Structure formats: C-alpha cells, structure tokens
Amino acid sequence: MVLGHTLDALLSPELRADEWIQRYWELRGVTAPLFLLVAGFAVVAALGTSQESAGRTFGRRARRALLLLFLGYLVHWPGWDTAHALGWGEPLRSLVFAFDALQSIAVSLLVGAAVLVMARGTWTRALALAVLAVGIPLASTWMWGAATGWPVELRQAVGMPGARFPLFPWAGFFFAGALAAHLLRLLRPGWPQGLALLALGAGLLLLTRQLPSDWSPTSAWLVAFRVGQGFLVLGAINLLPRVISGLLAPLGRASLWVYVLHLPLVYGWAGTAGLAGRLGPTLGLLPALGVGLALLAVCFAVARLWNLVRGGRPSSDATTWRARPVPLVGAALRSGQRI
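Predicted model, so just to flag it, every value in this text is computed and none were measured. (Residues numbered from 1 in each chain as written. Predicted model: local features only at pLDDT ≥ 70, side-chain atom pairs only at ≥ 80, totals over all residues. Heavy atoms only, no water.)

So, the overall build of the protein
Rules: Strands here mean DSSP runs of E at least two residues long; helices mean DSSP runs of H or I at least four residues long; both are numbered from the N terminus. Each radius of gyration reported is based on C-alpha atoms, and the globular scaling rule is 2.2 Å times the count of residues to the power 0.38. Only heavy atoms enter the contact rule, under which two residues are in contact if any of them lie within 4.5 Å. Each accessible area is a Shrake-Rupley result for a 1.4 Å probe, and residues are judged covered by the shown protein chains and nothing else.
Summing up its helical and strand segments, the protein has 21 helices and 0 strands in all. Its C-alpha atoms give the protein a radius of gyration of 21 Å, near enough to 20 Å, the size a compact globule of 339 residues would have. Projected onto its principal axes, the C-alpha positions of the protein cover 70 × 50 × 45 Å. Put simply, 76% of the contacts in the protein that link residues at least 6 apart link residues at least 24 apart. Accessible surface for the protein amounts to roughly 17,200 Å². Of this, 69% is attributable to carbon and sulfur atoms.

Notes on the side chain of Ser219
Operational definition: Exposed residues in this analysis have more than 50% of their type's maximum accessible area, buried residues have under 20%, and partly exposed residues fall in between, with area computed by a 1.4 Å probe over protein chains only. Within 3.5 Å is the distance limit for a polar contact, defined as a pair of N or O atoms, with the added protein rule that one can donate a hydrogen and the other accept it, and that residues adjacent in sequence qualify only through two side-chain atoms.
With respect to the element layout, Ser219 can be found in the loop between helix H14 (191–209) and helix H15 (220–239). You can call Ser219 buried: its relative accessible area is 3%. Looking at Ser219, its side chain comes within polar contact range of the main-chain nitrogen of Trp221, at 3.2 Å.

Details of the packing of aromatic side chains
Condition: When two rings of Phe, Tyr or Trp (its six-membered ring) have centres within 6.5 Å they constitute a pair, described as stacked for plane angles under 30 degrees, edge-to-face for angles over 60, and tilted for the intermediate range.
Enumeration over the complete set of coordinates arrives at 11 aromatic pairs. Judged by centre distance (5.6 Å) and plane angle (70°), the ring pair of Tyr73 and Phe97 falls under edge-to-face. Separated by 24 residues along the polypeptide, Tyr73 in helix H6 (residues 58–74) and Phe97 in the loop between helix H8 (90–96) and helix H9 (101–118) bring together distant segments of the chain. By relative accessible area, which is 25% here, Tyr73 ends up partly exposed. With relative accessibility at 24%, the residue Phe97 sits in the partly exposed group. Taken together, the ring pairs in this structure connect Tyr73, Trp88 and Phe97 into an aromatic cluster.

A closer look at a nonpolar patch on the surface
Test applied: Within the patch definition used here, like charges are joined within 9 Å and nonpolar side chains (Val, Leu, Ile, Met, Phe, Trp, Tyr) within 5 Å, considering only residues with over 30% relative accessible area and no salt bridge. We define a salt bridge as a contact between a side-chain nitrogen of Lys or Arg and a carboxyl oxygen of Asp or Glu at a distance within 4 Å.
A cluster of nonpolar residues, Leu240, Val243, Ile244, Leu247 and Leu248, forms a patch on the protein surface that exposes about 450 Å² of accessible area. Secondary-structure assignment places Ile244 in helix H16 (residues 242–253).

With respect to the confidence of the model for the protein
The line we're drawing: Scored between 0 and 100, pLDDT is the confidence that the predictor attaches to each residue.
On average, residues of the protein score 88 in pLDDT, and 91% of them reach the 70 mark or higher. The weakest mean pLDDT in the protein belongs to helix H21 (residues 330–335) at 32; the strongest belongs to helix H11 (residues 140–146) at 97. A low-confidence stretch, residues 314–321 (pLDDT under 50), is modelled with 20 contacts involving residues beyond four sequence positions or located in other chains. Low pLDDT (under 50) marks residues 325–339, which in the prediction has 15 contacts with non-local residues, meaning those over four places away or in another chain.

Re the packing of helix H17 (residues 255–267) against helix H19 (residues 285–309)
What counts, and what does not: The angle between two axes is taken between their N-to-C directions and runs from 0 to 180 degrees, where each axis is a line fitted to C-alpha atoms and a helix contributes only its stretch in contact. Here the word oblique covers every angle except those under 35 degrees (roughly parallel), over 145 (roughly antiparallel) and from 65 to 115 (roughly perpendicular). Left-handed is the label given to a crossing in which the near helix is rotated counterclockwise from the far helix by less than a right angle, and right-handed is the label when the rotation is clockwise. Note that Gly is not counted as nonpolar here; it falls among the polar residues with everything else outside the nonpolar set of Ala, Val, Leu, Ile, Met, Phe, Trp, Tyr, Cys and Pro and the charged set of Asp, Glu, Lys and Arg.
Relative orientation of the contacting elements H17 and H19 amounts to 130°, with a least axis distance of 9 Å. In terms of orientation, H17 and H19 fall into the oblique class. Relative to H19, H17 is oriented so that their crossing is right-handed. Residues Trp257, Val258, Leu261, His262, Leu265 and Val266 of H17 form the contact with H19, whose own contacting residues are Leu295, Leu296, Cys299, Phe300, Val302 and Ala303. Considered class by class, the residues forming the contact of H17 with H19 number 11 nonpolar, 1 polar and no charged.

So, the environment of Ile105
By the element assignment, Ile105 lies in helix H9. It is 20 Å that separates the C-alpha atoms of Ile105 and Thr141, two residues lying 36 residues apart in sequence.

Here we look at the packing of H9 against helix H13 (residues 167–184)
Where H9 contacts H13, the axes come no closer than 10 Å and their chain directions differ by 60°. Taken together, H9 and H13 sit at an angle that is classed as oblique. Here H9 runs over H13; the crossing is right-handed. Taking contact as the criterion, the partners of Ser104, Ile105, Val107, Ser108, Leu109, Val111 and Gly112 in H9 are, on H13, Leu167, Trp170, Ala171, Phe174 and Phe175. When grouped by side-chain class, the residues that make up the contact of H9 with H13 number 9 nonpolar, 3 polar and no charged.

Section: unusual backbone geometry
Omega for the bond connecting Phe168 with Pro169 falls within 30 degrees of zero, at 15°, which places this linkage in the cis form. With respect to the helices, strands and loops of the structure, Pro169 is situated in helix H13. Look at the link from Gly280 to Pro281: it is a cis peptide, with omega at -10°. Tracing the chain through its elements places Pro281 in the loop between helix H18 (275–278) and H19.

Quick look at a positive patch on the surface
Where we set the bar: For this count, His and the chain ends are skipped, Lys and Arg are scored as positive, and Asp and Glu as negative. Charged side chains are reduced to one point each, which is NZ for Lys, CZ for Arg, CG for Asp and CD for Glu.
On the surface, a cluster of positive charge is made up of Arg60, Arg63, Arg64 and Arg310. Relative to the elements of secondary structure, Arg64 occurs in helix H6. A relative accessible area of 35% places Arg64 in the partly exposed class.

This is the structure we're talking about:
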C-alpha cells in the first residue's frame, strides 16, 4: 500500500499510460480489500482458544478502535487556513470527516468485538460473522439509498457517491476475514489452513465467474471477487515456511504506524504539501520505486523507535499469522481423534 500510494503520487503521466503500469493499477485493486480482510482475520486469530478471551480483551479492543478512529480523522485534517476559507459547512465537513480505511476498521472492530462477546458458541459465532460478512455487501445499495439526506458525516460512514471506505460494503471484507479465521481454527495451522484458504478463494472466484460482473461501489459481486483474491493471498502466506513469516513479523507489528505516517508524507497534511505536491507527478519508475522503498524504511524505523521509547511489547493482534486451532475436548480428546 505504501509503494502503491507513492507510485500513484509520483509517476509521470507518460509512464502511467504504459501498458504494464495499467496492469499494475488493476493488481492494486486487491490491496485495500486485503488490508481490511487481514485486519478482521487478525482480530479473531489472536483471540486464542478460550471462550472467555473475547470478553477479557473487549476493553483493549475498544480502546484500539477509538485510537484508529482518532488517527483516521486526524490524517484528514485540512489545516486552519482551509477551515477558515470554507467555513463550517458541508464542504469542510466532507473533508474533515472523510471515512477512510482506519475508520472502517475501527467501527468494524467495535462491532466485531461486541459480537464475539455476545455469541459464545463456535457455530453461533460463525453464524453471526457470516451474517455480517454476507449481509453487509448485499445491503449496501439499499443503505446508500436510505442514507440520502442524512448529515454528511453519517453519509460518509454509511455510504455515498465519492466516499472512500464506507462501511457498506467495506466492512464486509473485515467480517469475511474474521469468519475465515474463526472457521480455520477447526484445522491445524500451516498447510491445512493454507490449503483451505486456497480452496475458499478459488471457489469464490469460480462463483463470481458464473455471475454477471458488477464493478459499482456497492457491488456484492465485487466484494466476493476481491475476497476470493484475498483468500488466495492468505493461503499462499500460510504455506510459506514460518521462518519467512518471522522475518516479516516486525513489519507487521509496525503496520499501523507505518500506514499512518506515510499518508501525510505522501499526500501532505494541514496545508503542508507532501511528496505528491513537491515531486509528483514527474518521476520515472525506478526513482519512484526508490522513493517508495525509502519512505517505507523511514516509516518503519520511526515506528520501531517509538515502540522502543515507550517500552511497548508486540501486540498479539499484529503477530498472529495463523489461526490457532480449537482444543480437543471430551470423547475426541480421550479417544485420540483429531478434528
């Protein structure tokens, strides 16, 4: 995502017209859905096997969601000059309350954490998560219509033309990831879960091929298509040796702050121009890639330094790459059977 934003901000118009760059823009379409899919996956995968863990961690997850909301709105602050120029009307409120990926994850996290507390049984939780994962995309067109006339802050969150990451349908990605992680706990980590994810992803892609394509912003077909692609990526990651995921884990632990830091650096903040306003769109592919990699390294270094300064420890949410299996109980445990 960091590299994609940097290339989008810096590449020259001539290079953007290149056929390979156009193919890359198409591939980038899975980046944001994968971001939310992995967020939902991590929330459930990190819960452990205790039925009470959701209740014990609810307060921590609620605080995390509030932090995400705050950061999501903070990075969109346009600056006092813009605020004075526009006045407190809908144009300014549309800028200040733009509903981005962090806000979408935050609200989904709050709802998901509450659902996991209230739904105690394995299959009750699966049913609740499935209703959210499937129902939200299916209800998106209706919700956008129902939100017409609401205050712009709510329309940005629920869904309206031009909204970036409205809950309808983007929360569907979060709950699809949460549902996958919940069901995968019935399998052993590693290749069984990886193969299951590959099968789910391939199945969804085959299903979408049988249906009329719909690329509109409220399309349930598009959600299913992107979820299928995301499951293929997660399946491939689960099949990788653990040593590789171990090497990537530090970057995963710093992902929130890397994401937050790179946005103002690329696009600017509070009236101060970022790379897009200072360098772009003028660069060739190699210089733009170099800037993107350097930006990723700088943001990662700052995030790691901040973690060291505050003496924090890695969050279990950020370090869980594979869903933990459900423990064997009862007769199955005594007879040596495996689930």
